[in-house]
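Examining the three-dimensional arrangement
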Amino acid sequence: QVQLVESGGGLVQAGGSLRLSCAASGRTFSGYVMGWFRQAPGKEREFVAAIRWSGGDTYYARSVNGRFTISRDNAKNTVTLQMNSLKPEDTAVYYCAAEQGFSTLVYYSRRDSIWDYWGQGTQVTVSS
């Protein structure tokens, strides 16, 4: 059974940085795509970033491209989202997700229903 546990959320001022981590367990993740989504109050959950566990290619939402960086640590089985130059509109609950497959990362970014495994979420609040 895949388990994903997020950590690292919190309160930060606009322009600041936060680092989110997702501890993944339950199986070997080669052949998986790992992603981050977020959901702001009153809004639908939206794609943020994805990384292919084997190979490490990445894809970002336009709203975070150039500010956020997704990475993975094979030895520790963790996925990290480094968030810089944070804006108040980045405020949301951030979710780690995993899906087994070899489609393009653009495909996985299109709908959260594609993803089978989810963490419980971690709150990120950016004050102005």
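Keep in mind that this is a model prediction, so the values were computed, not measured. Counting starts from 1 at the beginning of each chain's written sequence and moves along it residue by residue. Whole-chain, interface and lining totals are the exception, using all residues; otherwise, since this is a predicted model, local features are given only for residues with pLDDT of at least 70 and side-chain atom pairs are given and counted only at 80 or more. Just so you know, side-chain values use all the structure's heavy atoms and leave hydrogens and water out.

Okay, the nonpolar core next. With 40 residues, the main nonpolar core has Met-34, Trp-36, Leu-81, Met-83 and Tyr-94 as its most contacted residues. Here a helix means four or more residues in a row that DSSP labels H or I, a strand means two or more in a row labelled E, and each is numbered from the N terminus. Of all the secondary structure elements, the ones that give two or more residues to this core are β3 (18-25), β4 (32-39), β5 (46-52), β7 (68-73), β8 (78-83), β9 (92-100), α1 (105-109) and β11 (122-127). We call two residues in contact when some of their heavy atoms are within 4.5 Å. If sequence neighbours within four positions are ignored, Met-83 has contacts with Gly-16, Ser-17, Leu-18, Leu-20, Arg-67, Phe-68, Tyr-94 and Val-124. Nonpolar cores were defined as sets of buried Ala, Val, Leu, Ile, Met, Phe, Trp, Tyr and Cys residues, with membership established by side-chain atoms within 4.5 Å. Classification of residues uses two cut-offs on accessible area relative to the type maximum, computed with a 1.4 Å probe and protein chains only: under 20% is buried, over 50% is exposed, and between them is partly exposed.

So, on to the environment of Ser-25. Its location among the elements puts Ser-25 in strand β3. Sequence separation of Ser-25 and Gly-9 is 16 residues, and the distance between their C-alpha atoms is 20 Å. Contact partners of Ser-25, with chain neighbours within four places excluded, come to Gln-1, Val-2 and Gln-3.

Another point: the pairing of β7. What makes two strands pair is DSSP finding at least two bridges between them. With six bridges connecting them, β7 and β8 associate as antiparallel partners. Its bridge partner lying in β8, Asp-73 is registered against Thr-78.

Below, the discussion takes up the sheet that holds β7. Strand order across the open sheet formed by four strands is β1-β3-β8-β7, with antiparallel pairing between neighbours. At either end of the open sheet lies a strand with only one pairing partner, and these are β1 (3-7) and β7. Recorded for the sheet is a direction-independent mean angle of 15 degrees between the axes of neighbouring strands. What counts as an axis is a line fitted to C-alpha atoms, over the stretch in contact for a helix, and the angles between N-to-C directions run from 0 to 180 degrees.

Let us now look at the side chain of Glu-6. Along the chain, Glu-6 turns up in strand β1. Neither His nor the chain ends is counted toward charge; the positive residues are Lys and Arg and the negative residues Asp and Glu. We count a salt bridge whenever a side-chain nitrogen from Lys or Arg sits within 4 Å of a carboxyl oxygen from Asp or Glu. Summary of buried charges: Glu-6 has no salt-bridge partner, and the nearest side chain of opposite charge, Arg-45, is 7.9 Å away. In this structure the side chain of Glu-6 is engaged in a polar contact, spanning 2.7 Å, whose partner is the backbone nitrogen of Cys-96. Polar contacts here mean pairs of N or O atoms no more than 3.5 Å apart (in protein, one a potential hydrogen donor and the other a potential acceptor; neighbouring residues in sequence count only if both atoms are side-chain atoms). Here the side chain of Glu-6 touches Gly-121 through a polar contact of 2.9 Å, landing on its backbone nitrogen. Excluding anything up to four places from it in sequence, Glu-6 contacts Ser-21, Cys-22, Trp-36, Tyr-94, Tyr-95, Cys-96, Gly-119, Gln-120, Gly-121 and Thr-122.

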